[in-house]
Amino acid sequence: MIITKAMRTLSFMIAAMVTMTLVAACGQTGKKSKENTETIESKTLVAYFSATGTTEAVAKDVAQATGGTLYEIKPEVKYTAEDLDWTVKTSRSSVEMQDKSSRPAIVKDLEDVSKYETIYVGFPVWWYTAPTIINTFLEAYDFSGKTVIFFATSGGSTIDKANEEFKAAYPKINWKAGQTLNGATLEDIKAWVATL
Ligand SMILES: Cc1cc2nc3c(=O)[nH]c(=O)nc-3n(C[C@H](O)[C@H](O)[C@H](O)COP(=O)(O)O)c2cc1C
């Protein structure tokens, strides 16, 4: 009787230990797969600047097509309609674009850039190239060794000048030629992303 009780206690303890080990193992597996998922999700960043919303809409599709994290490059001082008037030589955008060294201030709130390997950077074409706020963004964080791909919206100009200028200005970045995505559908963007 005493032996049976002891045996029962022992078998209970063994069963409990096995259960605990299994629970711990499952817990770890669950944690690991969650971490893995997070790692996959966070390796691509889709950063964009958009003054009037066109590029923003495309950026959302790029984020969906790539599974990347969407991030808005925010000017410290927002651009007004007057600022954007390219027909006026003294408007803010005209002044900035005439001065290659201009670096409009941005809100610097992008966290832990080191975790991203590929960064898509979207913008509206201004004066045939990228707005200088894109220079501010690229200089505000350390993107050396990372792959950067431009995309843009425009009234018809291509992104070629921006591709060339930025490749020359930031040689530590691993550039992949980007393109304009005017009127592109999500399916178009998925097809483009697949070619990169
Ligand atoms: C200051 C300024 C300069 C522009 N320069 C060009 C240009 O050189 N070529 C072009 O095709 N479109 C040009 N555009 C038009 C924008 O690229 C286009 O409207 C873009 O889709 C706006 O994007 P957003 O709504 O994300 O700001 C210019 C617009 C502004 C405000």
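1. Focus: the overall build of the protein
Within the protein, the regular secondary structure consists of six helices and five strands. N-terminal to C-terminal, the α/β element order of the protein is α-β-α-β-α-β-α-β-α-β-α. Pairs at least 24 residues apart make up 74% of the contacts formed inside the protein by residues separated by at least 6 positions.

2. A look at the nonpolar core
Across soluble globular proteins, you tend to see nonpolar side chains buried next to one another. Formed by 35 residues in total, the largest nonpolar core has its most connected members in Val46, Ala47, Val62, Ile119, Val121, Ile134 and Phe151. Those elements giving two or more residues to this core turn out to be strand 1 (44-48), helix 2 (54-66), strand 3 (118-124), helix 4 (133-140), strand 4 (147-153) and helix 5 (160-169). When neighbours within four sequence positions are excluded, Val62 is seen to be in contact with Val46, Tyr120, Gly122, Phe151 and Ile189.

3. Let's talk about helix 2
When the terminal C-alpha atoms of helix 2 are compared, their 19 Å separation across 13 residues agrees well with the 18 Å that a helix rising 1.5 Å per residue should span. At its buried positions, helix 2 is contacted by strand 1, strand 2 (69-72), strand 3, strand 4 and helix 6 (186-195). Where helix 2 terminates, the next one or two residues include Gly67, which has phi positive at roughly 70°.

4. Observations concerning the sheet that holds strand 2
With parallel pairing, the five strands of this open sheet are ordered in space as 2-1-3-4-5. Whereas interior strands pair on both sides, the edge strands pair on one side only; in this sheet they are strand 2 and strand 5 (174-180). Between one strand axis and the next, the sheet turns through 20° on average, direction left out of account. In the sheet, strand 4 pairs with strand 5 via five bridges, with the strands oriented parallel. Within the sheet, the bridge partner assigned to Ile149 lies in strand 5 and is Lys176.

Rules used in this analysis
Residues numbered from 1 in each chain as written. Predicted model: local features only at pLDDT ≥ 70, side-chain atom pairs only at ≥ 80, totals over all residues. Helix = DSSP H or I, 4+ residues; strand = E, 2+ residues; numbered from the N terminus. Contact = placed C-beta atoms within 7 Å. Core = buried A, V, L, I, M, F, W, Y, C linked by C-beta atoms within 7 Å. Buried ≥ 20, exposed ≤ 12 C-beta atoms within 10 Å, placed from the backbone. Expected span 1.5 Å × (residues − 1). Pairing = 2+ DSSP bridges. Axes fitted to C-alpha atoms, helices over the stretch in contact; angles between N-to-C directions.

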